[in-house]
Amino acid sequence: MRGRLTVLALLAALDAPVAALQVIDVADGHTVTIQIAAHALTRIGMAGERRIDRVWGLDDRMTVEPDTDGGEVFVRPLAGGGLRPFSFFVRDDAGATYTVIATPVDMPADAVLLRARPGESTASLDAHPRILRLKAALRAAAMDETLPGAHRVTVGRTVPLWVEAHLVLEHRIEGDDVIDVYRLENVSDAEMRLDERELRALGPDIVAIAIDQHVLAPGAATRVLIARAR
């Protein structure tokens, strides 16, 4: 299994010391998920020759310290924000813009590298109302919210997957789109690396998958969001 910290649309038509390093593939217009230190600085930069040009959004949730010489930024959640995810925007010096959903985690200072994949802009697809609606529903679910008109249904059902994993469908968000929210736990004694493509076996009606954390230590768990066609 290969791990990536990214939100992956599966429809063809849709779409400080450092304790660890997250390398995240990004493309213009895409949404990705990262983890940031809840009580320390997290360094965010670009892999290769690109540099971060601007970071903005939700100033009431974090502080941003730019490093103009290095083309990087250092972010820190504001005190009192808890561990609730929030989103912001990053633009690089090539003009590509990425939506980042950040989950504060009780961990040491960390570093995130955004690795741009050229030629994969989704600007034309993003104009499609269905894609806009689907992205909004996934963002809301990732932040433990629901869109107007949607409602949450508690399920609590164990779903067979792999012998190394314990998967529970915790609840379903029903609205214009259906989002299943799972908890996946690594019940093996080895590190587990997750890939969105491996979860397509959970149904032929899947249109998008998002994984909060792609590398799980033994006993660790992550949330998995699956959007399904109605």
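Summarised in this report is the structure supplied together with it. Not measured: the values here are computed from a predicted model.

1. What about the sheet that holds strand 9 (residues 97-105)?
As summarised here, the arrangement of the 4 strands in space is 3-9-8-5, forming an open sheet in which the pairing is mixed. The sheet is open, and its two edges are formed by strand 3 (31-37) and strand 5 (52-56), each paired on a single side. Averaged over all adjacent pairs, the angle separating strand axes in this sheet is 35°, with direction ignored. The pairing of strand 3 with strand 9 spans 7 bridges and is classified as parallel. Considered in strand 9, the bridge of Ile36 is made with Pro104.

2. Points about the nonpolar core
In this structure, Ile34, Ile44, Phe88, Val90 and Leu114 are the most contacted members of the largest nonpolar core, which totals 22 residues. Filtering out sequence-adjacent residues up to four positions away, Val90 remains in contact with Ile52, Arg54, Val55, Ala96, Thr97, Tyr98, Val100 and Leu114. In terms of nonpolar packing, the next biggest core, distinct from the first, is built from 16 residues, Leu167, Met192, Leu199 and Ile211 among them.

3. Examining the side chain of Glu196
Here Glu196 shows up in the loop between strand 14 (192-193) and strand 15 (206-211). For Glu196, a relative accessible area of 0% puts it in the buried group. One polar contact links Glu196 to His214, side chain to side chain, over a distance of 2.9 Å.

4. Quick look at the pattern of salt bridges
This model, assessed by the stated rule, comprises 11 salt bridges. With a closest N to O distance of 2.8 Å, Arg50 and Asp92 form a salt bridge. Within this pair, whereas Arg50 is found in the loop between strand 4 (42-46) and strand 5, its partner Asp92 is found in strand 8 (residues 86-92), the two being separated by 42 residues in sequence. Looking at Arg50, the relative accessible area reads 25%, which means it is partly exposed. Overall, Asp92 belongs to the buried group, its relative accessible area being 1%. For Arg91, the salt bridge is made with Asp53, and the minimal N-O distance between the two is 2.9 Å. Here the residue Arg91 occupies a position in strand 8, and Asp53 occupies one in strand 5, the gap between them amounting to 38 residues. In this structure Arg91 comes out as partly exposed when scored by relative accessible area, which is 28%.

Conventions adopted
Residues numbered from 1 in each chain as written. Predicted model: local features only at pLDDT ≥ 70, side-chain atom pairs only at ≥ 80, totals over all residues. Heavy atoms only, no water. Pairing = 2+ DSSP bridges. Helix = DSSP H or I, 4+ residues; strand = E, 2+ residues; numbered from the N terminus. Axes fitted to C-alpha atoms, helices over the stretch in contact; angles between N-to-C directions. Core = buried A, V, L, I, M, F, W, Y, C linked by side-chain atoms within 4.5 Å. Buried < 20%, exposed > 50% of the residue type's maximum accessible area, 1.4 Å probe, protein only. Contact = heavy atoms within 4.5 Å. Polar contact = N/O pair within 3.5 Å; in protein donor to acceptor, adjacent residues only side chain to side chain. Salt bridge = Lys/Arg side-chain N within 4 Å of Asp/Glu carboxyl O.

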